[in-house]
There are 2 protein chains.
Amino acid sequence: MTHAATVLAMHSEMHTLFPNRPDRWGWMDTEGDIEKTIATRGSDVDILLSASIEKLDKAMLDRFPNLKMIASISAGFSNIDLEECRARNIAVTNAPGMNSGDVADLAVTMMTALLLRMPQSQSYIMTDQWVTEAGPIRHSLRNMPVGIVGLGAIGQEIVKRLTPFGVDLKWWGPRPKPEIEIEYVEQLHDLAAQCRGLIICCRPDHTTRHLINDAIFDQLGPDGALVNVSRGSVVDETALIAALKSGRLGGAGLDVFEPEPTNSARWANVPNVILTPHQGGATYETLFAQAALAQSNIENFLDKKALLSSVL
Amino acid sequence: MTHAATVLAMHSEMHTLFPNRPDRWGWMDTEGDIEKTIATRGSDVDILLSASIEKLDKAMLDRFPNLKMIASISAGFSNIDLEECRARNIAVTNAPGMNSGDVADLAVTMMTALLLRMPQSQSYIMTDQWVTEAGPIRHSLRNMPVGIVGLGAIGQEIVKRLTPFGVDLKWWGPRPKPEIEIEYVEQLHDLAAQCRGLIICCRPDHTTRHLINDAIFDQLGPDGALVNVSRGSVVDETALIAALKSGRLGGAGLDVFEPEPTNSARWANVPNVILTPHQGGATYETLFAQAALAQSNIENFLDKKALLSSVL
């Protein structure tokens, strides 16, 4: 590039994450209309700043004929057609591993809330059962078996946070990891059968689509709790809703859905659910750290230095 | 006592906690009507097995003219008139410190759920705001200041569980404790001003009645979260409800109320609350451990051995 690089932010809020450097790059002004900007000025774009939401497939890439780089502020990149990028010699960077702690905070809180029967407790008070009956007695979290599906960065942060509660932690993943101290269970089905709670934080891909389905819900059972902070595709959500409504499964905490955004009609009259709008990793602190990494990647790309977190 | 001791359980369910030992003691059969049993056979009772709920004041003690011992399965004993017991030479035992971990589980989960804005998130989905808007961005728990009021057995269990979340823990109590590693703040008012969340787990007595009031809510502010697992009397609940309704305080998690049981009308249209029916310590595991201690205390009392957890 002989000119300063032109960067298009796929979300208008991204402009605030880091400043222009007029000698090196500048934000493309979209005047609040990204669709019109792409239609009229797509060929001027050198670099896309994106997240994991928008689909960057062949059709979309065709709209940016001079694109040289995609800098994503997300860890995941399943939204990007990497083969097309490779064929077009487009560099792709992501921002991995920065929100593991934030996602673990949410997963652990959802799990302990469900094991403590918080949704049931609130309902007990708000339907005035407490007025006429003694408060219900529950089980202690101590020694309660809790399983983790997928022990990557997020799973390991979950282990750190759950350990002081005294729960009995086990895990399953496609490959055992000898360095992990908690018990490995060889079959997912067996893990679900042994556990009161199951936290899903595995990688979402074609091998894990609907990995969590009716067979797993039945192993968890009427007192069982499921938490999903991976992606909606990993859980058969329609089957999950039926299992919760019938009481075959005790409760669920979901930060991710299939599809997103989910809506209120889908969850009306589904008991014992804790729902959050895909915000496990959506913290200001993580966002700024991810943006800083994207900025460094863009600088290095322009300087022809090694990329800090290259996907391609 | 030349006869086997007669034990009256103040709650019918208590009969199941440990068995008769016909040579030493036996449960008084109430035929499901404790009030009538006391009226007709109160003078036959040697030992009361009680919890922290029923008031054992002078008038009640007058109904048991031959009472020799009160064995409580609770830690707290503010329901018992100890001066009257002393004057009547009635031994009193309790079951302290056994549910600290259970109460801490609930307190920590309430606090992280509020700091993660879980009630707001669920409402965001169930009012279909997510359908038209991007998911909200929140703050990370990491480095978020959280204060603990009272650092006894429960408070110390809370510290263990909150530490891996990376929050910045501080505490206040009437006396500094040099052995505690987290920061001590000398004034409660200052602790509230410095913290995003405040967990109340101090001893409930005449010095802490309404300790947590409007002045504290105002320091915590619109983003602040209060959790109370002590007793309802420690918080000015009417002022709390007004602060939540007006948005002057961000949210509250309450396991204890003033009075108990609380009812649904009191909490209708109060936003961002997590309510549980005084069940912090109400686990089967703790209950059986407390009952086992009460049984041992009764055995030792009858054997004239040292009591294991004597209040008087």
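Residues numbered from 1 in each chain as written. Chains lettered and ligands numbered in written order. Predicted model: local features only at pLDDT ≥ 70, side-chain atom pairs only at ≥ 80, totals over all residues. Heavy atoms only, no water.

**Topic: the domain arrangement of chain A**
Assigned domains within chain A: domain 1 (5-95 + 283-302) and domain 2 (100-275). Centre-to-centre, using C-alpha coordinates, domain 1 of chain A lies 35 Å away from domain 2 of chain A. (Domains from an automatic or database assignment.)

**Some words on the pairing of strand E10 (residues 225-228) of chain A**
All names here are of chain A. The alternating pattern of E10 places Ala225 and Val227 on one face and Leu226 and Asn228 on the opposite face, and all of these are buried. Between the parallel pair strand E9 (residues 197-200) and E10, the chain is carried across by helix H9 (residues 214-220), and the sense of this crossover is right-handed. Two strands pair when backbone bridges link them, and E10 and strand E11 (residues 251-254) are joined in this way by four bridges, in the parallel orientation. Bridging across to E11, valine 227 finds its partner in glycine 253. Handedness of the β-α-β unit built from E10, helix H10 (residues 237-246) and E11 comes out right-handed. (Buried < 20%, exposed > 50% of the residue type's maximum accessible area, 1.4 Å probe, protein only. Helix = DSSP H or I, 4+ residues; strand = E, 2+ residues; numbered from the N terminus. Right-handed = clockwise from strand over helix to strand, strands pointing away. Pairing = 2+ DSSP bridges.)

**Quick notes on the interface of chain A and chain B**
Between chain A and chain B, the residue contacts involve 51 residues of the former and 51 residues of the latter. Its largest share of buried area at the contact with chain B, chain A owes to A:Trp130, A:Arg138 and A:Pro277, together 15% of the area lost on that side. Viewed at the interface, chain B and chain A are joined by zero salt bridges. For the side of chain A that touches chain B, the secondary-structure elements that each account for two or more residues are helix H4 (100-115), helix H5 (118-126), helix H6 (129-132), helix H7 (153-162), helix H11 (264-267), strand E12 (273-275) and helix H12 (284-302) of chain A. Broken down by element, the residue count for the side of chain A that touches chain B peaks at eight residues, all from H4(A). (Contact = heavy atoms within 4.5 Å. Buried area = accessible area lost by both parts, 1.4 Å probe. Salt bridge = Lys/Arg side-chain N within 4 Å of Asp/Glu carboxyl O.)

**Let's talk about the packing of H4(A) against H7(A)**
Residue and element names in this part refer to chain A. As a packed pair, H4 and H7 sit with axes 8 Å apart at the nearest point and diverge in direction by 50 degrees. The pairing of H4 with H7 is recorded here as oblique in orientation. Note on packing geometry: the crossing formed by H4 with H7 is right-handed. Within the contact between the two elements, H4 uses Ser100, Gly101, Val103, Ala104, Asp105, Ala107, Val108 and Thr112 and H7 uses Ala153, Ile154, Glu157, Ile158, Arg161 and Leu162. Taken together, the residues of the contact of H4 with H7 break down into eight nonpolar, three polar and three charged. (Axes fitted to C-alpha atoms, helices over the stretch in contact; angles between N-to-C directions. Parallel < 35°, antiparallel > 145°, perpendicular 65-115°, else oblique. Left-handed = near helix turned anticlockwise from the far one by under 90°. Nonpolar A, V, L, I, M, F, W, Y, C, P; charged D, E, K, R; others polar.)

**A closer look at the sheet that holds strand E5 (residues 91-93) of chain B**
Residue and element names in this part refer to chain B. Spatially, five strands are ordered E2-E1-E3-E4-E5 in an open sheet, and the strand pairing comes out parallel. Strands with a single pairing partner mark the edges of an open sheet, and in this sheet they are strand E2 (25-27) and E5. This sheet shows a mean twist of 20 degrees between the axes of neighbouring strands, independent of strand direction. Inspection of the sheet shows strand E1 (residues 5-9) paired to strand E3 (residues 47-50) by three bridges, in the parallel sense. Bridge pairing in E3 links alanine 9 to leucine 49.

**Details of H7(A)**
Residue and element names in this part refer to chain A. Across the 10 residues that make up H7, a large majority, seven, are buried. Within H7, the full set of buried residues consists of Ile154, Gly155, Glu157, Ile158, Val159, Arg161 and Leu162. Looking at the buried residues of H7, the elements they touch are H4, strand E6 (145-149), strand E7 (168-172) and E9.

**With respect to the sheet that holds strand E2 (residues 25-27) of chain A**
Sheet strands pair by backbone hydrogen bonding; their relative direction is either parallel or antiparallel. All names here are of chain A. Read across the open sheet, the five strands follow the order E2-E1-E3-E4-E5; overall the sheet is parallel. The sheet terminates laterally at E2 and strand E5 (91-93), the two strands that pair on one side only. Put simply, the sheet's adjacent strands are angled 20 degrees from each other on average, direction ignored. Together, strand E1 (5-9), E2, strand E3 (47-50), strand E4 (69-72) and E5 form the strand contacts of H12, whose direction differs from that of E4 by roughly 160 degrees.

**Here we look at the relation of the copies chain A and chain B**
Note on the copies: chain A fits chain B at an RMSD of 0.2 Å, the axial shift is 0.0 Å, and the rotation between them is 179 degrees. Put plainly, the chains are arranged around a two-fold axis. Taking C-alpha positions as the reference, the residue of chain A nearest the rotation axis is A:Thr109, at 2.9 Å. Looking at chain A, 100% of its interface residues are interface residues in chain B too, so the copies touch through the same face. (Least-squares fit on C-alpha atoms with pLDDT ≥ 70 in both.)

**As for the side chain of A:Ser72**
All names here are of chain A. Counting through the fold element by element, serine 72 comes out in strand E4. On the basis of relative accessible area, serine 72 is assigned to the buried category, the value being 1%. There is a polar contact of 3.0 Å between the side chain of serine 72 and the backbone nitrogen of serine 74. Apart from the residues within four sequence positions on either side, serine 72 is in contact with Ser50, Ala51, Thr93, Asn94 and Ala95. (Polar contact = N/O pair within 3.5 Å; in protein donor to acceptor, adjacent residues only side chain to side chain.)

**Side note on the pairing of E6(A)**
For a regular strand, side-chain orientation follows a simple rule: the groups alternate between the two sheet faces. Residue and element names in this part refer to chain A. Taking burial as the measure, the five residues of E6 include four buried ones, the bulk of the element. Sheet analysis places E6 next to E7, joined by five bridges and oriented parallel. Across the sheet, residue valine 146 finds its bridge partner in E7, namely leucine 169. Here four bridges tie E6 to E9, and the two strands are oriented parallel to one another.

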